[in-house]
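One letter stands for each residue in the lines below.
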Amino acid sequence: MKRIQRIGILTGGGDAPGLNAVVRGIVKTAIHAHGWQVYGFYDAFRGLVTGAGRWLKWDDVSGILTQGGTILGTTNRDNPFDYVDDHRCPDKRRDASGDVVRNYRKLKLDALVAVGGDGTLQCSHKMSKLGLRIVGVPKTIDNDVRGTEWTFGYNTAMTTATEAVDKLHTTAFSHHRVMLLEVMGRTAGWLALGSGIAGGGDVILIPEIPYQLDNICEAIHARCRRGRRFSIIVVSEGAKPVGGGVVIRQTVAGSPEAVRLGGISAVLSQQIEDRTGIETRYTILGHLQRGGGPSPFDRYLATQFATSAVELLAQNKFNRMVCVQQGRIGSVSLSVPGQAPRLLEPDSHAIRMARSLGVCFGDE
Ligand code: F6P
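Just so it is clear, the model here is predicted, and its values are computed rather than measured.

A. Looking closely at the pattern of salt bridges. Under the counting rule described, the total for this entry stands at 18 salt bridges. Measuring nitrogen to oxygen at the nearest pair gives 2.6 Å for the salt bridge that ties Glu218 to Arg225. With relative accessibility at 59%, the residue Arg225 sits in the exposed group. Via salt bridges that share partners, Asp85, Arg94, Asp99 and Arg102 belong to a single interconnected network.

This is how it looks when you write it as structure tokens:
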């Protein structure tokens, strides 16, 4: 097999702290350990469709380890197989995968590193069937990519959300209020569970365990009876009542992740106040969770993923995704992340641990 000389890299989907750490790790290892050239595509697969990007030099990635966001830009709207050239004309769609293959060949790339969540990794798997040699790196603050126990970005977002819970605690205590913090996570409850446990939340509502309003209100009343006149609820944007649906903020036609959730905390806070008579407020943490520099854990994980991705390429192992399994860095087939999001098991250790502390999940 031909020795690798040139690789491409793209960052796709919603941004997450640690993307720049991966770009840095890939470029430095590719140049330092192998003498390869690295082409950075702008704005995820859009850059591959149009060819927009640049050859990345050592200096381009020097000093970006601690920076949030991505120097390459990203988007979670563009799917090369259902592509919109101009978002002002969203109905003019086409299959642009041929353009991707053409630009990959025009740049004489030997392989591509795709850094993204399940949408980007699924597209990458489809592109690999058209002849591109790809290694995927799993990213998302949601921690829901199938095939890996950790994605980079999650630890930083969980830290941000936990700090928010800590701040809500002091004001909830002073005003004797119920305070809801809505966190992201799509259909998975990892962020709510992680920050809820780390912040000492009283009620944690996650998509995997539908809630009943009565149970939440009873947990709040029980705390009042014990002299605790405030309660903290951490609610995942994808949480839903038993027999009910999620609250949708926006639908982005054609996007690999079309449904954008948000707003459950507003609905629930009104219901709780009406039912309990206790003043109830909500905060939607939103994109603060995705912003800022990566935590030391995420810098480390992103760097491990980057060097392992380059190692796979050097060994001519393609169409794999780097991952963490049983605490060790490894790789799985690129077909795995597209299967379904990795959700919390309702009887997992973390949920049992929270229940044993008296945390209410709204189901009992
Ligand atoms: O997948 C990452 C994520 O931040 C989700 O937690 C959230 O539901 C979604 O992206 C929000 O997307 P957008 O930035 O397009 O609103």
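B. Here's a closer look at the packing of helix α1 (residues 19-34) against helix α10 (residues 296-314). With their axes 8 Å apart at the nearest point, α1 and α10 run at an angle of 40 degrees to one another. Taken together, the axes of α1 and α10 are oblique relative to one another. Viewed along their axes, α1 and α10 form a crossing whose handedness is right-handed. Here Ala21, Val22, Gly25, Ile26, Thr29, Ala30 and His34 of α1 lie close against α10, whose contacting residues are Arg299, Ala302, Thr303, Ala306, Thr307, Ala309, Val310 and Ala314. Residues belonging to the contact of α1 with α10 are distributed by class as follows: nine nonpolar, five polar and one charged.

C. Seen up close, the environment of His287. Of note, His287 is situated in the loop between β13 (280-284) and α10. As a C-alpha pair, His287 and Asn79 span 208 residues in sequence and 22 Å in three-dimensional space.

D. Spatial organisation of the domain arrangement of the protein. For the protein, the domain assignment lists domain 1 (6-152 + 294-333) and domain 2 (156-291 + 345-356). Its C-alpha centre places domain 1 at a distance of 32 Å from the equivalent point of domain 2. The partner domain 2 presents 18 residues to the 19 residues of domain 1 that form the contact. Buried area between domain 1 and domain 2, both sides added, is near 1,600 Å², and the carbon and sulfur share of it is 47%. Ranking the residues of domain 1 by area buried against domain 2 places Asn76, Ile141 and Asp142 at the top, with a combined share of 36%. Taken together, the links from domain 1 to domain 2 amount to four salt bridges. Between Arg186 and Asp144 there is a salt bridge; the shortest N-O distance is 2.8 Å. Between domain 1 and domain 2 we count nine residue pairs in polar contact (both at pLDDT 80 or more) in total. Of the residues assigned to the side of domain 1 that touches domain 2, the class counts are four nonpolar, six polar and nine charged.

The rules behind the values
- Residues numbered from 1 in each chain as written.
- Predicted model: local features only at pLDDT ≥ 70, side-chain atom pairs only at ≥ 80, totals over all residues.
- Heavy atoms only, no water.
- Salt bridge = Lys/Arg side-chain N within 4 Å of Asp/Glu carboxyl O.
- Buried < 20%, exposed > 50% of the residue type's maximum accessible area, 1.4 Å probe, protein only.
- Axes fitted to C-alpha atoms, helices over the stretch in contact; angles between N-to-C directions.
- Helix = DSSP H or I, 4+ residues; strand = E, 2+ residues; numbered from the N terminus.
- Parallel < 35°, antiparallel > 145°, perpendicular 65-115°, else oblique.
- Left-handed = near helix turned anticlockwise from the far one by under 90°.
- Contact = heavy atoms within 4.5 Å.
- Nonpolar A, V, L, I, M, F, W, Y, C, P; charged D, E, K, R; others polar.
- Domains from an automatic or database assignment.
- Buried area = accessible area lost by both parts, 1.4 Å probe.
- Polar contact = N/O pair within 3.5 Å; in protein donor to acceptor, adjacent residues only side chain to side chain.

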